[in-house]
Amino acid sequence: MLGLLGFHDEFDDRPGRPNGSIHDAVQPVGEPDEAELVAYLGAGHVLIDVMESGHDVITGDAHRHSLGCSSLVTDGTWLWRLDFPRYVETHHVLLPQAFVEHVRTLHHRMPPLVTAQFAPHCNETLPLIGWASAVPWQSTETVHEPEPRAVMGKADFDAAILAQERNRPDGNWTKPRKPRRG
């Protein structure tokens, strides 16, 4: 079974998620190597890519991981949502000590994913997070090397949102438009 990170009650309409309420996991400060832990989480292998967008469940803000937020990511030992690094970085969400030690042992480097070792654990874990109908994970590749992914940094995202708001014309954007006549 894979360890689960970031599967909190607020991310799903079903109660009793594996990691409880995210509000209970928010900390005033993070780990001393939080930036490296966030980078590690951001470098994970995308297991299931979900096309959706969401907002921060604590603040309601859009963020750099909004698109595809509930996509599943793994390092072969742990499984988390694509947007989980946002909560660690912004809200200093408490990480299990076993995960922190695991990442530090790897010197914050994402390991390759070995299909034969990973697939059985993945297939028994997916039903626990609501993916009972998912096709069992299989791969024709025996080893998946980590692929670098471009992830916009928090400062770059915030600057882009600010620029977008400055360039928006004045006016009421909340009023619905009238339908066009055919």
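Residue numbers restart at each chain and count upward from 1, following the sequence in its written direction. Whole-chain, interface and lining totals are the exception, using all residues; otherwise, since this is a predicted model, local features are given only for residues with pLDDT of at least 70 and side-chain atom pairs are given and counted only at 80 or more. Where side-chain values are given, they derive from all heavy atoms of the structure, hydrogens and water being excluded.

### Re the packing of helix α1 (residues 34-42) against helix α2 (residues 84-91)
Here is step 1 of the chain: Between N-to-C directions, angles cover 0 to 180 degrees, with each direction set by a line fitted to C-alpha atoms, over the stretch in contact for helices. Runs of E in the DSSP output that reach at least two residues are strands. Runs of H or I that reach at least four are helices, and both are numbered from the N terminus. Interaxial distance between α1 and α2 falls to 9 Å at its minimum, and their mutual angle equals 170 degrees. It follows from the interaxial angle that α1 and α2 lie roughly antiparallel. Of α2, the residues touching α1 (which contributes E34, V38, L41 and G42) are F84, P85, V88 and E89.
Here is step 2 of the chain: Only Asp, Glu, Lys and Arg are considered charged in this grouping, and only Ala, Val, Leu, Ile, Met, Phe, Trp, Tyr, Cys and Pro are considered nonpolar; every other residue, Gly among them, is considered polar. In the contact of α1 with α2, the residues fall into 5 nonpolar, 1 polar and 2 charged. In this scheme, roughly parallel covers angles under 35 degrees and roughly antiparallel covers those over 145, while 65 to 115 is roughly perpendicular and the rest are oblique. Throughout, a contact is declared for two residues whenever any of their heavy atoms are within 4.5 Å.

### Let's talk about the pattern of salt bridges
Here is step 1 of the chain: A pair is scored as a salt bridge if a Lys or Arg side-chain nitrogen falls within 4 Å of a carboxyl oxygen belonging to Asp or Glu. Scanning the model with the defined rule gives 3 salt bridges in all.
Here is step 2 of the chain: Across the salt bridge formed by D83 and R81, the nearest N and O atoms sit 2.9 Å from each other.
Here is step 3 of the chain: Relative accessible area serves as the criterion here: at 8%, R81 is assigned to the buried category. Using a 1.4 Å probe on the protein chains alone, a residue whose accessible area is under 20% of its type maximum counts as buried, one over 50% counts as exposed, and one in between counts as partly exposed.

### Observations concerning the packing of aromatic side chains
Two aromatic rings, taken as a pair, are described by how far apart their centres are and by the angle between their planes.
Here is step 1 of the chain: Ring pairs are drawn from Phe, Tyr and Trp, using the six-membered ring of Trp, whenever the two centres fall within 6.5 Å, and their geometry is named by plane angle: stacked under 30 degrees, edge-to-face over 60, tilted for the rest. As enumerated under the stated definition, the model contains 4 aromatic pairs in all.
Here is step 2 of the chain: With a centroid separation of 6.1 Å and an interplanar angle of 65 degrees, the aromatic rings of Y40 and F99 are classed as edge-to-face. One end of the pair, Y40, is in helix α1; the other, F99, is in helix α3 (residues 97-105), and 59 residues separate them in sequence. F99 matches Y40 in its accessibility class, with the two residues each being buried.
Here is step 3 of the chain: For the ring pair W78 and F99, a centre distance of 5.5 Å and an interplane angle of 80 degrees mean the geometry is edge-to-face. Of the two residues, W78 is situated in strand β4 (residues 78-81) and F99 in helix α3; the sequence distance between them amounts to 21 residues. One exposure class covers both W78 and F99, and it is buried.
Here is step 4 of the chain: Grouping aromatic residues by their ring pairs yields a cluster made of Y40, W78, W80 and F99.

### Quick notes on the pairing of β4
Here is step 1 of the chain: Judged by which residues are buried, β4 turns out to be covered on both faces: W78 and W80 on one side and L79 and R81 on the other are all buried.
Here is step 2 of the chain: A pair of strands is treated as paired once DSSP finds two or more bridges between them. Bridge analysis of strand β1 (residues 3-5) against β4 gives 3 bridges, and the strand direction is parallel. Residue pairing in the sheet places L5 in a bridge with W80 of β4.
Here is step 3 of the chain: Of the strand pairs in this sheet, strand β3 (residues 72-74) and β4 are connected by 3 bridges, and their pairing is antiparallel. Each residue of the ladder has a partner; that of V73, found in β4, is W80.

### Looking at the confidence of the model for the protein
Here is step 1 of the chain: Of all residues in the protein, 66% attain a pLDDT of 70 or more, and the chain-wide mean is 79.
Here is step 2 of the chain: Here pLDDT means the predictor's own confidence in every residue, given as a number from 0 to 100. Considering each helix and strand of the protein separately, the mean pLDDT is smallest for helix α5 (residues 154-166), with a value of 65, and largest for α3, with 97.

### Describing unusual backbone geometry
Here is step 1 of the chain: Within the chain, H107 stands out as a residue other than glycine whose phi angle is a positive 55 degrees.
Here is step 2 of the chain: Turning to its location among the elements, H107 is positioned in the loop between α3 and β5 (113-114).
Here is step 3 of the chain: On the basis of relative accessible area, H107 is assigned to the exposed category, the value being 63%.
Here is step 4 of the chain: Phi angles above zero are rare outside glycine, and H108 is one such case at about 60 degrees.
Here is step 5 of the chain: Inspection of the secondary structure assignment puts H108 in the loop between α3 and β5.

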